[in-house]
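Okay, here's what each chain looks like letter by letter:
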Amino acid sequence: DAGVTQSPTHLIKTRGQHVTLRCSPISGHKSVSWYQQVLGQGPQFIFQYYEKEERGRGNFPDRFSARQFPNYSSELNVNALLLGDSALYLCASSLVGSEAFFGQGTRLTVV
Amino acid sequence: QKEVEQNSGPLSVPEGAIASLNCTYSDRGSQSFFWYRQYSGKSPELIMSIYSNGDKEDGRFTAQLNKASQYVSLLIRDSQPSDSATYLCAPFNQAGTALIFGKGTTLSVSS
């Protein structure tokens, strides 16, 4: 069975640009969450989506947005990139309120 | 601000010893608790979940939960060099929408 898949795996962007990260959940999982992990820290919650609706939002600026599609895949968008947005972006899928399984992550570098 | 506290380590144990990892959390509404293992440069991997007070064993791993003390621990028996990684404690928030991560404890198992 395929696990959570994220694309791309690595990305280099310039300050001020926009980025879109993609995530496909485990088959049967309807909940997708996004986390940001900077070096030396634990992951920080950004968004949770369930049945295409936003169910939770972390303490991130409005430059961060996301959506979930009818097939339960998801996109995370970040506008006006800052150097501080450089991080590992993790997508997790789960059944609602149950164990969350992470994809391999997207390593974003902003230069 | 809901927080999770872990000793950052490094925690060093010899091969075959028991490694004990501890975690305290501040959100009294948390009902579900998870331990993730993260190798350097990789994404978090779920190793244990625990929902009720007491102990839960799975192979060489035992998770312990005490909701009254807001304390979770993970014991790794017969530690192996392959267990060397960062261990992340993560309760769900009360709404069940977000995992709240600590910074993690780095474990080093020497052969």
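Everything below is about the structure shown above.
Scope of this entry: the structure provided in the associated data block. These numbers come from a predicted model, not from an experiment. In this convention, every chain numbers its residues from 1, walking through the sequence in written order. Written order determines the labels here, with chains lettered from A and ligands numbered from 1. In view of the model being predicted, local features appear only for residues whose pLDDT reaches at least 70, and side-chain atom pairs are presented and counted only at 80 or more, with totals across whole chains, interfaces and linings using the full set of residues. Computation of side-chain values: all heavy atoms of the structure, hydrogens and water removed.

## Looking at the state of the cysteines
All names here are of chain A. A pair of sulfur atoms, both from cysteines and within 2.5 Å, is called a disulfide here. Going through the model one piece at a time under the given rule, you end up with two disulfides over all chains. Each sulfur in the disulfide pair cysteine 23 and cysteine 91 lies 1.8 Å from the other. Taking the sign of the torsion about the S-S bond as the criterion, the disulfide between cysteine 23 and cysteine 91, at about -65 degrees, is left-handed. Here cysteine 23 is found in strand β3 (residues 19–24), whereas its partner cysteine 91 is found in strand β9 (residues 87–94), with 68 residues between them in sequence. Only DSSP runs of H or I with at least four residues qualify as helices, and only runs of E with at least two residues qualify as strands; both kinds are numbered from the N terminus onward.

## What about the sheet that holds strand β6 (residues 54–58) of chain B?
Residue and element names in this part refer to chain B. Between any two strands, at least two bridges found by DSSP are needed for them to pair. Read from one edge of the open sheet, five strands run β1-β3-β8-β7-β6, paired in antiparallel fashion. Bordering the open sheet on either side are β1 (4–6) and β6, each of which pairs with just one other strand. When the angles between neighbouring strand axes are averaged without regard to direction, this sheet yields 20 degrees. Of the strand pairs in this sheet, β1 and strand β3 (residues 19–25) are connected by three bridges, and their pairing is antiparallel. Bridge pairing links valine 4 to tyrosine 25 in β3. Inter-axis angles, ranging from 0 to 180 degrees, are taken between N-to-C directions of lines fitted to C-alpha atoms, where helices are fitted over the stretch in contact.

## Some words on the nonpolar core
Grouped burial of nonpolar side chains is what soluble globular proteins tend to show. Only buried residues count toward a nonpolar core, which is a set of Ala, Val, Leu, Ile, Met, Phe, Trp, Tyr and Cys residues joined through side-chain atoms within 4.5 Å. The classification of residues rests on relative accessible area computed with a 1.4 Å probe and restricted to protein chains. Under 20% of the type maximum is buried, over 50% is exposed, and intermediate values are partly exposed. Among the nonpolar cores identified, the biggest contains 23 residues, and Trp35, Val72, Leu74, Ile76, Tyr87 and Leu107 of chain B are the most heavily contacted of them. Of all the elements in the fold, those that place two or more residues in this core are β3, β4 (33–38), β5 (45–50), β7 (61–66), β8 (71–76), β9 (85–91) and β10 (105–110) of chain B. Here this core gets four residues from one element, more than from any other, and that element is β3 of chain B. Membership of the second largest hydrophobic core comes to 22 residues, among which are Val32, Tyr49, Phe64 and Val78 of chain A.

## Topic: the side chain of serine 30 of chain B
Residue and element names in this part refer to chain B. Looking at the element boundaries, serine 30 is found in the loop between β3 and β4. Counting of polar contacts relies on pairs of N or O atoms within 3.5 Å, with two restrictions inside protein: one atom must be capable of donating a hydrogen and the other of accepting it, and residues adjacent in sequence are counted only when both atoms are side-chain atoms. Among the polar contacts listed, one links the side chain of serine 30 to the backbone oxygen of phenylalanine 92, at a separation of 2.8 Å. Those residues in contact with serine 30 that sit more than four places away from it in its chain are Tyr25, Pro91, Phe92, Asn93 and Gln94. Residues are treated as being in contact if the distance between any of their heavy atoms lies within 4.5 Å.

## Examining the pairing of strand β5 (residues 44–50) of chain A
Residues and elements named next belong to chain A. Where burial is concerned, most of β5 is hidden: five out of the seven residues are buried. Where strand β4 (residues 31–37) lies against β5, six bridges are found, and the strand directions are antiparallel. Bridging from a neighbouring strand, serine 33 pairs with glutamine 48 of β5.

## Quick word on the interface of chain B and chain A
Counting from both sides, the interface comprises 20 residues of chain B and, opposite them, 22 residues of chain A. Counting the surface lost from both chain B and chain A, the interface buries some 1500 Å², and carbon and sulfur atoms represent 54% of this. Accessible area that two parts lose when put together, with a 1.4 Å probe and added across both, is what the buried area reports. It is Thr97, Phe101 and Lys103 of chain B in chain B that bury the most area against chain A; as a group they hold 30% of the surface buried on that side. Salt bridges are counted wherever a side-chain nitrogen of Lys or Arg sits within 4 Å of a carboxyl oxygen of Asp or Glu. Where chain B touches chain A, the interface holds zero salt bridges.

## Examining empty space enclosed by the protein
Residue and element names in this part refer to chain A. As defined here, a cavity is a set of points on a 1 Å grid over the protein atoms alone where a 1.4 Å probe fits but cannot get out. A pocket is an open set with protein on both sides within 12 Å along at least five of seven lines, and residues line them when an atom is within 4 Å of a point. Grid points are joined across faces, edges and corners, and a volume is the space filled by probe spheres set on the points. A complete count under the given rule lists one cavity of 30 Å³ or more for this structure. If you add up the space inside the largest cavity, you get close to 80 Å³. Elements with a minimum of two residues in the lining of the largest cavity: β4 and β9. Side-chain classes follow a simple rule in which Ala, Val, Leu, Ile, Met, Phe, Trp, Tyr, Cys and Pro form the nonpolar group, Asp, Glu, Lys and Arg form the charged group, and the remainder, Gly included, forms the polar group. Grouping the constituent residues of the lining of the largest cavity by class yields five nonpolar, eight polar and no charged.

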